[in-house]
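Chain and residue survey
Chain residues, written in single-letter form:
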Amino acid sequence: MICSGLIMFMGKSEGHGEKWHGHVTALTVAPEYRRLGLAATFMSALEEISEKKRAYFVDLFVRVSNKVAVDMYKQLGYSVYRRVLEYYSGDPDEDAFDMRKALSMDTEGKSVIALQHPVRPEDVE
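Rules of the game
- Residues numbered from 1 in each chain as written.
- Predicted model: local features only at pLDDT ≥ 70, side-chain atom pairs only at ≥ 80, totals over all residues.
- Heavy atoms only, no water.
- Core = buried A, V, L, I, M, F, W, Y, C linked by side-chain atoms within 4.5 Å.
- Buried < 20%, exposed > 50% of the residue type's maximum accessible area, 1.4 Å probe, protein only.
- Helix = DSSP H or I, 4+ residues; strand = E, 2+ residues; numbered from the N terminus.
- Contact = heavy atoms within 4.5 Å.
- Pairing = 2+ DSSP bridges.
- Phe/Tyr/Trp six-rings, centres within 6.5 Å; stacked < 30°, edge-to-face > 60°.
- Salt bridge = Lys/Arg side-chain N within 4 Å of Asp/Glu carboxyl O.

Some words on the nonpolar core
Counting residues in each nonpolar core, the largest one holds 20 residues, and the members touching the most others are Val24, Leu27, Met43, Leu60, Val62, Tyr73 and Met99. Among the elements of the structure, strand 2 (7-14), strand 3 (21-29), helix 1 (38-52), strand 4 (57-63), helix 2 (67-75) and strand 6 (94-102) are those that each provide at least two residues to this core. The biggest single contributor to this core is helix 1, with four residues. Excluding residues within four positions of it along the chain, Tyr73 makes contact with Leu27, Met43, Leu60, Val62, Tyr78 and Met99. One finds Phe61, Val84, Ala96 and Val119 within the second-largest nonpolar core, a separate group that totals five residues.

Here's the deal with the pairing of strand 5 (residues 79-88)
Both strand 5 and strand 6 contribute to a ladder of six bridges, which runs antiparallel. Opposite Val80, over in strand 6, you have Met99 as the bridge partner.

Notes on the packing of aromatic side chains
Summed over all chains, the structure comprises four aromatic pairs. An angle of 10° between the planes, with centres 4.7 Å apart, marks the rings of Phe61 and Tyr87 as stacked. Taken as a pair, Phe61 in strand 4 and Tyr87 in strand 5 lie far apart in primary sequence, 26 residues in all. A relative accessible area of 16% places Phe61 in the buried class. Their ring planes at 70° and their centres at 6.1 Å tell us that Tyr73 and Tyr78 sit as a pair that is edge-to-face.

Remarks on the pattern of salt bridges
Scanning the entire structure with this criterion turns up 10 salt bridges. With a shortest N-O distance of 2.9 Å, Lys67 and Asp71 are connected by a salt bridge. Of this pair, Lys67 and Asp71 both sit in helix 2, four residues apart, which is roughly one turn of the helix. Classification of Lys67 as exposed rests on a relative accessible area of 55%. What emerges from the salt-bridge pattern is a single network uniting Arg82, Asp98 and Arg100.

So, in structure tokens, the structure goes:
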């Protein structure tokens, strides 16, 4: 975990077999430090570490309403794998996109083939 007054980043490796992957637990950049490439730098670092650990993909969850973040992740090569209904609790609850980027272990790109139907949080592995 990296946490300072301008950025907070947490990532980990998890899963088994072809579901072994890098996961972004949290990524937050203070408003005055956005659009400087900091998030992209940390994402790249997690991708490199995940490659070294022979992970198949990197994934993250992002609020569907966070268009700026969704667009940034798409620019970094991530795609929407699935929609998770009511993933974020609040008033009202909000859906999340599970976004993924395949790594070199996933030679056929199976990990990023989008699911056609949304899932519930209890169905997320």
